[in-house]
Amino acid sequence: MNTLFLRLTIALYSIGLLHSFLTIVTRKKTLFRVALAGIGLGFISHALSIIFAWIELDHPPITDNHGALSFFAFVIVLAFLVSYARYRLESLSVFVFPLVFILTLAANLISSPNAARHELLRSLWFYIHIPTTFLGYAAFFVAFSAGIMYLIQERELKRKRPQAFYYRLPSLEICDDLGYRSLSVGFPLLTVGIVAGALWASRSLTQPWGGDPKIIWSLITWLVYAVLIHYRLSAGLRGRRAAMMSILGFVIVLLTFLGTRHQGSAHSFIQQ
Amino acid sequence: MNLVLVGLSHKTAPVHIRERLHFPEPQLPQALELLRTRYEVRESMILSTCNRVEVLAQTAESPDGVHQLRDFICSFHKVPYDSLRDFLYDFTQLDAVRHVFRVAASLDSMVLGEPQILGQVKTAFTTAQNAGAIGATLSQLMNRAFFVAKRVRSETTIASSAVSISYAAVELAKKIFNDLKGKTVMILGAGKMSELAAKHLSGAGVSKVLVWNRTYQRAVELAELFKGEAIQTEDLFRHIERADIIISSTGSPAFILNKADGERMIHLRKNRPVFIIDIAVPRDVDPEINKVNNVFLYDIDDLRNVIDANLRQRQREAQSAEEIVRQEVDLFLEYARARDATPAIVMLREHWEAVRKEELARSRKRLGSLTSEQEAVIESLTQSLVNKMLHQPISELKRLSRQTLNPDEVAIIKRIFGLKD
């Protein structure tokens with residue numbers, strides 16, 4: 001049942017992908033309502049797929065690559081829907097829709113090793129660690145998208161020759177605000193995620209885990225965002241520099257997530 | 001449906017012709033009355049604005065509707081037709097529908113996408129309605145036209161960009177600050193231009209106006225106008241960082257603000273952006289200031305460039321709008337055909353059902369007593385005869401209503417079967 005719903009989800013998300021593609025190519029508002037409906041229905045179908053996977057596995061389906069990718073896509077859609085409800089930004093969809101489509105498709109292509117469930121992963125801390133970290137990453141992705149929109153719109157305004165983006169993108173204030181709010185949601189979540197991960201590791205793992213590259217990179221990510229938030233609050237860092245730091249932060253998130261998946265580290269359990 | 005539209009606009013006629021054909025509002029009811037009584041016109045409305053004069057009518061099914069409306073316009077204004085020949089255009093049927101949709105959606109306007117025209121069309125429609133000149137056809141057509149205009153506004157951005165200097169400034173301010181509520185604008189140099197720009201910004205929601213001028217007294221006067229605050233001549237740099245938006249139009253021969261001032265302002269403002277509009281010639285603000293992070297400087301030429309870009313943007317959007325009009329004309333055609341065909345089909349059925357019942361009742365007496373089975377056989381026999389006979393004409397009517405272009409064919413079928421409207 002879960003694969004069936006996941007495939008339905010992919011079909012529905014593909015409408016969003018088509019929308020993003022057409023919007024970039026034609027530089028016009030195309031199919032947004034249809035795409036939004038597709039993403040909304042896809043989100044429901046995605047939720048069902050995760051629930052069915054949970055029932056089939058008898059534990060939250062986030063302990064293998066298949067489940068993790070699918071769940072990551074799911075929280076990104078969630079983050080998008082929440083920020084859309086608040087800001088009504090259609091431009092954000094151009095960033096979000098392709099990514100969730102690719103993540104969900106990748107999840108579907110990786111076969112799900114249902115049986116290979118590690119005893120170590122049966123821990124409450126682990127089940128807190130994954131969703132909070134992922135939700136944090138999803139919020140950072142929104143901040144990243146807002147940062148890119150800010151830089152493009154700022155360039156349009158500085159060059160004084162309005163082109164398509166000037167008309168389509170939201171105001172600088174909105175981009176900045178969205179970026180800031182996403183950070184203030186994402187940062188506590190990442191913090192909780194890291195703490196939960198550390199608690200889980202200290203209780204469950206016997207070998208040393210402190211030198212795990214993913215853990216080190218996560219701490220770097222955390223530091224970058226901590227600095228960004230600190231300067232925003234204390235020195236009023238905003239606008240261009242804040243946007244660039246949000247983008248940098250997410251690039252490091254990507255390195256953490258994708259670049260450190262080799263054997264022999266604490267996080268390689270997921271692969272085994 | 002037999003629609004005719006005759007008129008002229010800024011595209012075909014110069015202003016001295018347009019003003020001669022203008023229908024003053026108080027005369028409209030009388031003009032509409034004249035159309036109904038003197039001409040073969042069933043429904044009509046007159047749109048008369050400074051850029052166009054158009055008469056739209058649903059006429060009786062005669063081929064010379066265009067002549068009648070021309071004659072009406074000429075005789076009402078007592079102008080010989082020969083002097084108008086080159087200026088008047090006419091549209092019939094589908095072309096009239098398309099034209100009405102385009103006008104309502106502001107695709108035929110002098111400034112593409114300007115919003116006033118829709119209100120003017122609505123007023124013209126209401127006036128005609130109150131004069132009793134509107135029936136089912138025009139009512140359906142105009143309501144559809146309003147819907148098309150709404151679709152064009154919401155599905156394209158044809159009307160959303162500014163095409164005047166003041167509005168371009170407001171639009172840019174909104175691209176930076178999003179909402180102007182709670183924002184402060186500072187006017188440097190109390191001239192007419194800055195007063196106008198400040199008025200637009202206040203209208204767009206700016207909360208506080210600061211005024212600075214070389215002579216303090218003039219600053220006080222202008223500040224009073226906006227319930228704002230006048231700044232002492234020597235205090236400019238003590239207050240300038242309070243401004244989110246600065247409009248500068250002093251007569252100063254040298255720059256009053258340079259890059260270092262910009263950097264200092266942004267530092268004091270904790271990076272909150274500043275939008276500077278320099279409409280002075282010679283300029284008041286060093287263009288280098290635009291290089292400072294979070295400072296956005298636009299001079300008068302920059303604003304003109306934005307307007308040019310906005311006009312080009314409207315042109316691009318007009319293509320999508322024309323596509324919407326195309327779809328809507330097709331849809332309207334389908335409705336109109338269905339409207340023309342459906343009553344004919346119903347009438348055809350009712351007519352022959354009545355004939356069948358009549359004939360059956362007459363013959364039934366001569367048949368004497370019958371079993372209920374025999375009754376049923378006769379009933380179904382007569383019914384299937386009628387159905388078989390009507391099958392071809394009805395499916396032909398339905399086919400016609402979906403496809404062919406010639407509305408006369410429906411009329412022919414109606415005539416053959418003796419159906420009246």
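Source: prediction; values computed, not measured. (Residues numbered from 1 in each chain as written. Chains lettered and ligands numbered in written order. Predicted model: local features only at pLDDT ≥ 70, side-chain atom pairs only at ≥ 80, totals over all residues. Heavy atoms only, no water.)

Right, let's get into the domain arrangement of chain B. Split by domain assignment, chain B resolves into domain 1 (3–155) and domain 2 (165–304). Summarising the inter-unit geometry, the C-alpha centres of domain 1 of chain B and domain 2 of chain B are found 46 Å apart. (Domains from an automatic or database assignment.)

Right, let's get into the nonpolar core. By size, the foremost hydrophobic cluster in this structure holds 103 residues, and its most contacted members are Phe134 of chain A together with Leu201, Ile245 and Phe275 of chain B. It is helix H5 (residues 124–159) of chain A that provides the largest number of residues to this core, a total of 15 residues. Formed by 68 residues, the second largest nonpolar core is a distinct cluster that contains Leu32, Ala57, Ile73 and Ala318 of chain B. (Core = buried A, V, L, I, M, F, W, Y, C linked by side-chain atoms within 4.5 Å. Buried < 20%, exposed > 50% of the residue type's maximum accessible area, 1.4 Å probe, protein only. Helix = DSSP H or I, 4+ residues; strand = E, 2+ residues; numbered from the N terminus.)

Turning to empty space enclosed by the protein, a few remarks are in order. All names here are of chain B. Inspection of the entire model under this criterion finds four cavities of 30 Å³ or more. In this structure, the largest cavity encloses a volume near 100 Å³. Listing elements by their share of the lining of the largest cavity, those giving two or more residues are strand E2 (41–48), strand E3 (52–59) and helix H4 (93–104). Across the lining of the largest cavity, the residue classes break down as eleven nonpolar, no polar and one charged. (1 Å grid on protein atoms, 1.4 Å probe; cavity = no way out; pocket = protein on both sides within 12 Å on 5 of 7 lines; lining within 4 Å. Points joined across faces, edges and corners; volume = space filled by probe spheres on them. Nonpolar A, V, L, I, M, F, W, Y, C, P; charged D, E, K, R; others polar.)

Further remarks concern the pattern of salt bridges. This model, assessed by the stated rule, comprises 36 salt bridges over all chains. In this structure, the salt-bridge partner of lysine 160 of chain A is aspartate 302 of chain B, at a minimum N-O distance of 3.0 Å. Taken together, the residues span two chains, with lysine 160 of chain A in the loop between H5 and helix H6 (164–168) and aspartate 302 of chain B in helix H12 (residues 300–367). With its nearest N and O atoms 3.8 Å apart, the salt bridge here joins lysine 199 of chain B to glutamate 195 of chain B. Here lysine 199 of chain B pairs with glutamate 195 of chain B, and both are found in helix H8 (residues 192–203), just four residues apart, close to one helical turn. (Salt bridge = Lys/Arg side-chain N within 4 Å of Asp/Glu carboxyl O.)

What follows concerns the packing of helix H7 (residues 165–177) of chain B against H12 of chain B. Residues and elements named next belong to chain B. At their nearest, the axes of H7 and H12 sit 9 Å apart, and the two run at 85 degrees to each other. Classed by the angle they form, the pair H7 and H12 counts as roughly perpendicular. Listed contacts from H12 to Ile165, Ala168, Ala169, Glu171 and Leu172 of H7 are Ile300, Leu303, Arg304, Val306, Ile307 and Asn310. (Axes fitted to C-alpha atoms, helices over the stretch in contact; angles between N-to-C directions. Parallel < 35°, antiparallel > 145°, perpendicular 65-115°, else oblique. Contact = heavy atoms within 4.5 Å.)

The partner chain A presents 27 residues to the 33 residues of chain B that form the contact. On the chain B side of the interface with chain A, the three residues burying the most area are Lys175, Asn293 and Phe296 of chain B, jointly 25% of the side's total. For the interface between chain B and chain A, the tally reads two salt bridges. Inspection of the region where chain B meets chain A yields 16 residue pairs in polar contact (both at pLDDT 80 or more). Where the side of chain B that touches chain A is concerned, the elements lending two or more residues are helix H6 (136–155), H7, strand E10 (295–299) and H12 of chain B. (Buried area = accessible area lost by both parts, 1.4 Å probe. Polar contact = N/O pair within 3.5 Å; in protein donor to acceptor, adjacent residues only side chain to side chain.)

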